[in-house]
Amino acid sequence: MTYKLIDGKAISDQIKSEIAEEVKQMIANGQKQPHLAVIIVGHDGGSETYVAHKVKSCEQVGFKSTRIAFEDDVTEEVLLAEIDKLNRDPDIDGFIVQLPLPKHISEEKVIEAIDYRKDVDGFHPVNVGRMVIGLPCFVSATPSGILELLKRYDIPTSGKNCVVIGRSNIVGKPVALLMMQKAYPGDATVTVCHSRTKNLKEICLQADIIIAALGSPEFLKADMVKEGAVIIDVGTTRVPSSETKSGFRLKGDVAFEEVAPKASYITPVPGGVGPMTIISLLRNTLLAAKKTIY
Ligand code: GUN
């Protein structure tokens, strides 16, 4: 089978131009510039890179952005006070707290402290609950990026067997819920597999669409994939590499070389789902600026 590569980078560039155009219109209409704030705690390499990308993407589409950094010994109290300040600041449309946080800080407490109307990460229980029952809400970045790719490539999902591997709160659970929702993309028959699943290979072989989000490099092999399946790879494990400037490279959850020839569509790593996650954050910030979620 000749497969089609799902080009997340190209789609994300296209959507960035669409958002930039909309921001121009808003400003021309006398509205204020959308404003995203990002809180980062400590110096985790991955987090610093992600936050730098987020700030740069804001600039590219004409948003204002504010980066608020704390050292990793910051107390939970100080962090919660900052969140309270951002909740009440009328110039801030949305904000996120980059995860993971140091162990002495409760991520749950921090997420619940964010005003759900400014929770552009879509992590607050109000947003998660609304997503489950199909109400207007901020949907988290990776699941909404995946759905946007399926949509932009016109990939049929209605009545298809969709297997999600992984059950994290950030990806597996929400993407499974979205794929089963009565909508397009959606309307699929969804099976969620995880580390305790029996017959995982047999289940995957039934899938028309596989969403691999377990965080285990090259886990999905060719003998687990049906001819013509759509493969979405959410894996982003950093492995050491002597070939890159940064000294590492990203590995997906799919053994790309052997799986691609069996697939109809497949996302690469990097350049597939990754670039789409920032788009969702920008989109959510735009929704927040327009006060669409209340
Ligand atoms: N860490 C990894 N992914 C994310 C994300 O989407 N949002 C936040 N806040 N932290 C993350």
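One can find the structure itself at the top, above this paragraph.
Bear in mind the structure is a predicted one, so any value in this text is a computation, not a measurement.

Regarding the sheet that holds strand β4 (residues 94-97)
Sheet strands associate in pairs through backbone hydrogen bonding, adopting either a parallel or an antiparallel arrangement.
Right, on to step 1. Sheet architecture is open: 3 strands sit in the order β3-β2-β4, paired in parallel fashion. Among the strands making up the open sheet, the edge pair consists of β3 (64-70) and β4. Direction aside, the axes of adjacent strands within the sheet are offset by 15° on average.
Right, on to step 2. Helix-sheet contacts for helix α3 (residues 76-88) involve β2 (35-41), β3 and β4, and the interaxial angle to β2 is about 180°.

Notes on the packing of helix α1 (residues 8-28) against helix α6 (residues 141-152)
When two helices pack together, their arrangement is given by the angle between the helix axes and the distance between those axes.
Right, on to step 1. Put simply, α1 and α6 touch, their axes get as near as 11 Å, and they point 95° apart. What the angle tells us is that α1 and α6 run roughly perpendicular. Side by side, α1 and α6 meet where G8, I11, Q14, I15 and E18 of the first sit next to E148, L149 and R152 of the second.
Right, on to step 2. A class-by-class count of the residues in the contact of α1 with α6 yields 3 nonpolar, 2 polar and 3 charged.

Quick look at unusual backbone geometry
Right, on to step 1. Geometrically, the link from Y184 to P185 is a cis peptide bond, its omega value of -10° lying close to zero.
Right, on to step 2. Of note, D154 is a non-glycine position whose phi angle comes to about 55°, a positive value.
Right, on to step 3. As for its position among the elements, D154 is in the loop between α6 and β5 (161-165).
Right, on to step 4. A positive phi angle is found at E218, which is not glycine, with a value near 55°.

Let's talk about the environment of A113
Right, on to step 1. For A113, the location among the structural elements is in helix α4 (residues 107-113).
Right, on to step 2. Taking the C-alpha atoms as reference points, A113 and L79, separated by 34 residues in sequence, lie 9.9 Å from one another.
Right, on to step 3. For A113, the contacting residues outside a window of four places in its chain are L80, I83 and N87.

Structural notes on the site of the ligand
Right, on to step 1. The local shell around the ligand consists of K54, V97, Q98, L99, D121 and F123.
Right, on to step 2. One of the backbone N or O atoms of V97 is found 2.8 Å from a nitrogen atom in the ligand.
Right, on to step 3. Q98 places a polar side-chain atom, nitrogen or oxygen, 3.3 Å from a nitrogen atom of the ligand.
Right, on to step 4. With the chains in place, 79% of the 280 Å² that the ligand exposes on its own is no longer accessible.
Right, on to step 5. Within the shell around the ligand, the residues separate by chemical class into 3 nonpolar, 1 polar and 2 charged.

Re the nonpolar core
Right, on to step 1. The biggest cluster of nonpolar side chains holds 51 residues, and the ones touching the most others in it are I19, F63, I146, M179, I211, I232 and L282.
Right, on to step 2. In terms of residues, this core owes the most to one element, helix α10 (residues 274-289), which gives 8 residues.
Right, on to step 3. Discounting residues that sit within four places of it in the chain, F63 has contacts with I19, V23, Q33, P34, C58, L282, T285 and L286.

Describing the pairing of strand β7 (residues 209-212)
Right, on to step 1. Side chains I209 and I211 project from β7 onto one buried face, and the interleaved I210 and A212 project onto a second face that is buried too.
Right, on to step 2. Where β5 lies against β7, 4 bridges are found, and the strand directions are parallel. Paired with V164 across the two strands is I211, which belongs to β7.
Right, on to step 3. The sheet contact formed by β7 and strand β8 (residues 229-233) spans 4 bridges and is parallel. Residue pairing across strands places I210 opposite I231, the latter belonging to β8.

Reading guide: rules and limits
Residues numbered from 1 in each chain as written. Predicted model: local features only at pLDDT ≥ 70, side-chain atom pairs only at ≥ 80, totals over all residues. Heavy atoms only, no water. Pairing = 2+ DSSP bridges. Helix = DSSP H or I, 4+ residues; strand = E, 2+ residues; numbered from the N terminus. Axes fitted to C-alpha atoms, helices over the stretch in contact; angles between N-to-C directions. Contact = heavy atoms within 4.5 Å. Parallel < 35°, antiparallel > 145°, perpendicular 65-115°, else oblique. Nonpolar A, V, L, I, M, F, W, Y, C, P; charged D, E, K, R; others polar. Near = heavy atom within 4 Å. Polar contact = N/O pair within 3.5 Å; in protein donor to acceptor, adjacent residues only side chain to side chain. Areas by Shrake-Rupley, 256 points an atom, 1.4 Å probe, with all protein chains shown as cover. Core = buried A, V, L, I, M, F, W, Y, C linked by side-chain atoms within 4.5 Å. Buried < 20%, exposed > 50% of the residue type's maximum accessible area, 1.4 Å probe, protein only.

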